[in-house]
Amino acid sequence: MSFEIDCPNCGCRPVWEYHYGGTPRQRPDGSATERQWAEYLYNRPNVAGEQTEWWYHRSACKLWFLVRRDTRTNQVLTTKRFAPQEEASGG
Amino acid sequence: MAEDHGSIEFEFDGHRVRAESGQTVAGALHAAGEHIISRSFKYHRPRGLLCMSGRCPNCICTVDGTPNVRICTQAAKPGMVVKSQNAWPSVKFDLLRIFDKLHRFMPVGFYYKRMYKPRWMWPVWEKIIRRIAGLGTINREHGAEGVYDKQNLFTDVAVIGGGLAGLNAALAAADAGVTVTLIDEQPALGGHLRHDPELVEPISDLIRRVSEHPAITVISSAGVFGCYEGNYLGIQQGQRMIRLRAAQVIVATGCWERPLIFENNDLPGVMLASGVQRLLHLDHCQFPGEAVVVTDNAQGYRVAKQLKAAGTRVSAIIDVRDNPSETADGIRTFRGHTIISASGSRHVNGAVIAPLAGHPRQSISCRWIVQAVGFTPANSLLYQNGCKLRYDESLDQAAVIQHAPAMHSAGTVNGLHDPRDAASDGQRAGLAAAEALCSPCLSVSNPSVETALETQSHRGETAPMCHYVSPSDAKKKFVCLCEDVTEKDICDAIDEGYSNIETLKRYSTVSMGPCQGKMCQSASIAICARHNGQSIAETGVTTARPPEQPLPLGVLAGRTLHFSLIRRTPMHAWHEQAGAKMGDAGNWKRPQVYSSVPQEYEAVRQRAGLIDVSTLGKIELRGADVVQFLEFIYPNRFANLKLGRVRYGVICDDAGILLDDGTIARLGDDRFFLTTTTGNADAIDSWFRWWLAARPEWDVRMTNVSASYAAMNLAGPRSREVLKKLTDADLSSDAMPYLAASECTIAGVSVIVLRIGFVGELGYEIHVPSQFGLHVWEAILEAGREFSIAPFGLEAQRVLRLEKKHLLPGIDTDALSNPLEADLPWIVKLDKADFIGKESLARAQQRGDRNKLIGFRLSEPVVPDLASLVLCDGKLGGRITSCGYSPAVGGTIGLAWVPANLAGNGQTIQIQVNGRTIPAVVQDEPFYDPSGAKLKS
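Basis of the calculations
- Residues numbered from 1 in each chain as written.
- Chains lettered and ligands numbered in written order.
- Predicted model: local features only at pLDDT ≥ 70, side-chain atom pairs only at ≥ 80, totals over all residues.
- Helix = DSSP H or I, 4+ residues; strand = E, 2+ residues; numbered from the N terminus.
- Buried ≥ 20, exposed ≤ 12 C-beta atoms within 10 Å, placed from the backbone.
- Contact = placed C-beta atoms within 7 Å.
- Nonpolar A, V, L, I, M, F, W, Y, C, P; charged D, E, K, R; others polar.
- Pairing = 2+ DSSP bridges.
- Axes fitted to C-alpha atoms, helices over the stretch in contact; angles between N-to-C directions.
- Parallel < 35°, antiparallel > 145°, perpendicular 65-115°, else oblique.
- Left-handed = near helix turned anticlockwise from the far one by under 90°.
- Core = buried A, V, L, I, M, F, W, Y, C linked by C-beta atoms within 7 Å.
- Arc of directions from axis to C-beta.
- pLDDT = per-residue confidence, 0-100.

Bringing the overall build of chain B into the picture now. The secondary structure content of chain B amounts to 25 helices and 47 strands. For chain B, the proportion of its 937 residues judged to be buried stands at 50%. A separation of at least 24 residues holds for 66% of the contacts in chain B among residues at least 6 apart in sequence.

Quick look at the structure:
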């Protein structure tokens, strides 16, 4: 892993300044079934291709933001701050 | 030839060898008539110089104690001690050559077939094999001289390879206004033109312009061993590893000449044409006697001419082609012929040649067999970074069909062997790289490889012969010189079912030796294709991975001292001066013990003690929605936390797993001060920010004040009296009861005081602005002197908290621990609205406890190791997570995870200690002050 990520605050920095936070998932509410909770807690999509991910700029500005990345090549396509109206609720 | 005053002497296998200054070790040995340099891996056959470019395994020796040095690229130095490897008793007379006669007992993969029955014999066989096969031995006494170091660099354009294409690419890019770093593995620029001077006009002018260009940095004698994603290059330069980040990369690595596979093709005296040229032109050596050149291209004719000029009698050119365009004046030329075998036992003394059909054969006497039969492109860096390549029959090599982003290739690696093409291809690549930087919105892929290839075909070059293997059924036709793999071995392996190129490689070990396929890749693929009845394109290639060339581990290990972070608290110097034994806690340095654990323990329990807890994570939260946030983050309640009060809390994830614990103090209506454990400070910081990032509508402002505050814990029955001397604040238990949080002034400094007691005594956790940390620390110790206060370290604190049964997250808990089972069921408020982990904890509660964290008293005065087993009916049931001698109990106490049915108060559990089983009694209550009277006093 030696690719670079364009932090919305700090600009392009090597990946080891960041921390990976998984793909955004919809957190089930109280009415969800056990299966839905298990899906949320334990299953990950493992996409071979482009996906949106949380990344955290832990060595610098401490911003959590969203990255569009191709998992096959580690090419970073876009980065942006979280915008609630665009994304299904994160976390 | 050099004059006498320019010569030096070194030692080879015990005798002295003279070298011209500037000559390589191999060149000097060649000039001295030493032609057996090494013995082969498996059969111990004599091997001599072949490639002279640091690629093949033949010249690997131990130099000044360092094993596996390629002496063909190692400059000779006075007094150097060079020793041959893998031979007994000597490289000239190696008794182990007996294996050459036994080859039919050692077919490909023989160790898989013969040496595993009976099973216990394998370790014995392994020892024997390792002794008699293989490479040099590491001399443990001999460390490397100097230091292994690391360097980080960045550049706009990195050009790999200082040949004609690379030089042109570097110049074109630099002239276009970007910075260029040119990495070249040779000591001087020029690539193969250095040793093939007739090929083009002298390029000294080009080299001068590159060297003098202000925007070009040249890194010489440096090999790029890996091209990682993001165009991050790993470069070895001697004992230094350079990590170079490049916006654009141009691969102009050229190609390696490949050997022809014929019988006895590994005899000393059989050389690659480029190896001969290097010896002639760089090492100023000669080739006395007769030579035969086998070729399918113009280079064969050039080398024949150069040999002739150097005094060698070239008795024949064996040209694979029927109608070559080249002619050689005065040299007998056999067209449509190839070489069948080399004869001789320790050195070539003749060659057998025949038409391509294989018959009729004829012998030619000669001392040298020179091979010029084509090239393998040095394209592994392209593969590594994700370029797509496909075998192109018209070039007889793999060619790029799609470049990885921000990556280019130029020159012979693209199949452009004509110097004019290579030069213009370099310029094209240099410009393309510069353009991509100046207007990054343009497409970064470059389609012009095809154009370059078209140039070549327009010139009407004849199609290459694709001649890899000479026609004969002989057994000793070596494909892989590193591992002694023959053509027959490869065919046998395919017949046994290893027909895929990747499995073939792993089973036969072809291309897995020190050359990493540089000599054998092309031929092994060609043989695999032929034997499978496939085309070369269908056969494919094995995956290219870093490192591209063998790398000393020291280069990777290097020193990284200046990158490791050490954190010290504001009181660090005081601790050191007080003689504290310091220990690591993450990046922090923390006092473990000052005097002794019993003394420090006694001070805290009887009088007063002071511990530095500055390493705690500290977070300040402000805003209208902080209460809502805390209610969501923590399983316990915070809406009812009153102003000026502090509460213990644990943090769980949504699976209900306990992540961390700490305290939450309310310092204002919408202002809270939180602490986390030392080890989880960063993780909890990130955890909070993650949940907040997705909830921008919440009015929660978070500041990490971990480094802003020093912190210390004053604990013990006399601590109130100590603190009273330093503050006007009312410290009485009415004004400041247990779990009070207040802001007041101590020793003239505004501080936050939390009345909490991790160690189970009356105690004050005092958070002080960092710059006053030492001042307050010293003031408290001074004020406590009359009470015989003592500083205490982590070790005493461990015992003190264990007596109170306080768990340490990450030590007493792991990734399967929830608070219900970790003896904290009271903290989970399932009647609360949604909080993180609620669903999972509700289900866990429904299910009931499976395991429980319990406290125990051991029946014997021994202290078991951590993680000692708890046995149930003789089987593994649980484990100890903390334990130690408790002065309060007068025996060993601890915490352990046990099955829930053994967790009842007073039950007996069995703990395994040094092979014995010792009973222990489960205890619900804390071991010290169970009512908490001292804590609340």
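For the rest of this paragraph, the subject is the overall build of chain A. Helix and strand counts for chain A come out as 1 helix and 6 strands. Projected onto the principal axes, the alpha-carbon positions of chain A cover approximately 40 × 25 × 20 Å. Taken over 91 residues, chain A has a buried fraction of 16%. Put simply, of all contacts in chain A between residues at least 6 apart along the chain, 52% involve residues at least 24 apart.

Counting from both sides, the interface comprises 21 residues of chain A and, opposite them, 19 residues of chain B. Among the residues making up the side of chain A that touches chain B, the classes are represented as 8 nonpolar, 10 polar and 3 charged.

On to the pairing of strand β44 (residues 875–886) of chain B, then. Residues and elements named next belong to chain B. Relative to β44, strand β43 (residues 869–872) is paired through 4 bridges, and the arrangement is antiparallel. Each bridged residue has a counterpart across the sheet, and for L871 the counterpart in β44 is L876. Judged from the 7 bridges that link them, β44 and strand β45 (residues 891–899) form a sheet pairing that is antiparallel. Bridge pairing in β45 links I880 to A896. Counting the residues that bridge the hairpin from β44 to β45 gives 4 residues, and of these G890 lies at a positive phi of roughly 75 degrees.

All names here are of chain B. Pairing is antiparallel across the open sheet formed by 3 strands, whose spatial order is β19-β20-β21. Two strands in the sheet have a free side with no partner beyond their single neighbour: β19 (337–343) and β21 (362–365). Looking at each pair of strands side by side, their axes are set apart by 30 degrees on average, direction ignored. Judged from the 6 bridges that link them, β19 and strand β20 (residues 350–355) form a sheet pairing that is antiparallel. Paired with A342 across the strands is A351, a residue of β20.

A word on the sheet that holds strand β15 (residues 270–272) of chain B. Residue and element names in this part refer to chain B. Read from one edge to the other, the open sheet built from 5 strands follows the order β15-β22-β16-β17-β18, with strand pairing classed as parallel. Lying at the two open borders of the sheet, with one neighbouring strand each, are β15 and β18 (333–335). When strand polarity is set aside, the average angle formed by the axes of neighbouring strands in this sheet is 20 degrees. Two elements, strand β17 (residues 313–319) and β18, share 3 bridges in a ladder whose sense is parallel.

Turning next to helix α23 (residues 794–803) of chain B. When we look at burial in α23(B), the residues that qualify are A796(B), Q797(B), V799(B), L800(B), L802(B) and E803(B). Remark: K805(B) follows α23(B) within two positions and exhibits a positive phi of approximately 60 degrees.

Residue and element names in this part refer to chain B. Orientation of helix α18 (residues 597–606) relative to α23, taken along the N-to-C sense of each, is 55 degrees, at an axis distance of 9 Å. As summarised for this structure, α18 and α23 are arranged oblique, according to the angle between their axes. Seen from above, α18 lies across α23 with right-handed handedness. Of the residues in α23, those touching α18 at V597, E600, Y601 and V604 are E795, A796, V799 and L800. Grouping the constituent residues of the contact of α18 with α23 by class yields 6 nonpolar, no polar and 2 charged.

Right, let's talk about the nonpolar core for a bit. Residues and elements named next belong to chain B. Ranked by size, the top nonpolar core spans 160 residues in total, and within it A170, I250, V293 and I369 carry the most contacts. Ranked by the residues each element gives to this core, the list is headed by helix α5 (residues 164–175), at 9 residues. What V293 contacts, discounting residues up to four positions off in sequence, is G300, V303, A304, V314, I317, I318, V370 and A372. Within the second largest apolar cluster, 100 residues are counted, among which are I633, A665, A783 and Y928.

This part covers helix α22 (residues 773–783) of chain B. By the burial criterion, the buried members of α22(B) are G773(B), V776(B), W777(B), I780(B) and A783(B). Buried residues of α22(B), viewed axially, fall in a sector of 135 degrees; they line one side.

The step from H359(B) to P360(B) runs through a cis peptide bond, and the omega angle for that step is -5 degrees. At K62(A), a residue that is not glycine, the phi angle is positive and equals roughly 65 degrees. Topologically, K62(A) is positioned in the loop between β4 (50–56) and β5 (64–70). The backbone of D13(B) shows a phi angle near 45 degrees, a positive value even though the residue is not glycine. Locating D13(B) in the fold gives a position in the loop between β1 (7–12) and β2 (15–20).

Residue and element names in this part refer to chain B. Within the secondary structure, I525 sits in helix α14 (residues 521–532). Considering only alpha carbons, one finds I525 and V541, 16 residues apart in sequence, at a separation of 7.1 Å. Once residues lying within four places of it in the same chain are set aside, the contact partners of I525 are I501, I536, T539 and V541.

So, about the environment of P930(B). Residues and elements named next belong to chain B. Position of P930 among the secondary structure elements: in the loop between β47 (916–923) and α25 (933–936). By C-beta crowding, P930 is classed as partly exposed, having 13 other C-beta atoms within 10 Å. As a C-alpha pair, P930 and G760 span 170 residues in sequence and 9.5 Å in three-dimensional space.

Take the environment of V25(B) next. Residues and elements named next belong to chain B. Counting through the fold element by element, V25 comes out in helix α1 (residues 25–31). A count of 27 C-beta atoms within 10 Å places V25 in the buried class. When the C-alpha atoms of V25 and Q384 are compared, they prove to be 33 Å apart, with 359 residues separating the residues in sequence. Those residues within four positions of V25 in sequence are excluded, and the remaining contacts are I71, Q74, A76 and V82.

Moving on, we come to the packing of helix α7 (residues 273–281) of chain B against helix α8 (residues 298–309) of chain B. All names here are of chain B. Direction vectors running N to C along α7 and α8 enclose 30 degrees, while the axes themselves pass 10 Å from each other. Considering only the axes of α7 and α8, their crossing is left-handed. Touching A273, V276, Q277 and L280 of α7 are Q299, G300, V303, Q306 and L307, all from α8. Looking at the contact of α7 with α8 residue by residue, the classes come out as 5 nonpolar, 4 polar and no charged.

With that out of the way, let us pick up the confidence of the model for chain B. Residue and element names in this part refer to chain B. Here chain B shows a mean pLDDT of 91. Residues at 70 or above account for 96%. Within the model, pLDDT remains below 50 along residues 441–449, and this stretch shows 14 contacts once partners closer than five positions in the same chain are excluded. Across the predicted assembly, pTM comes out at 0.84 and ipTM at 0.95.

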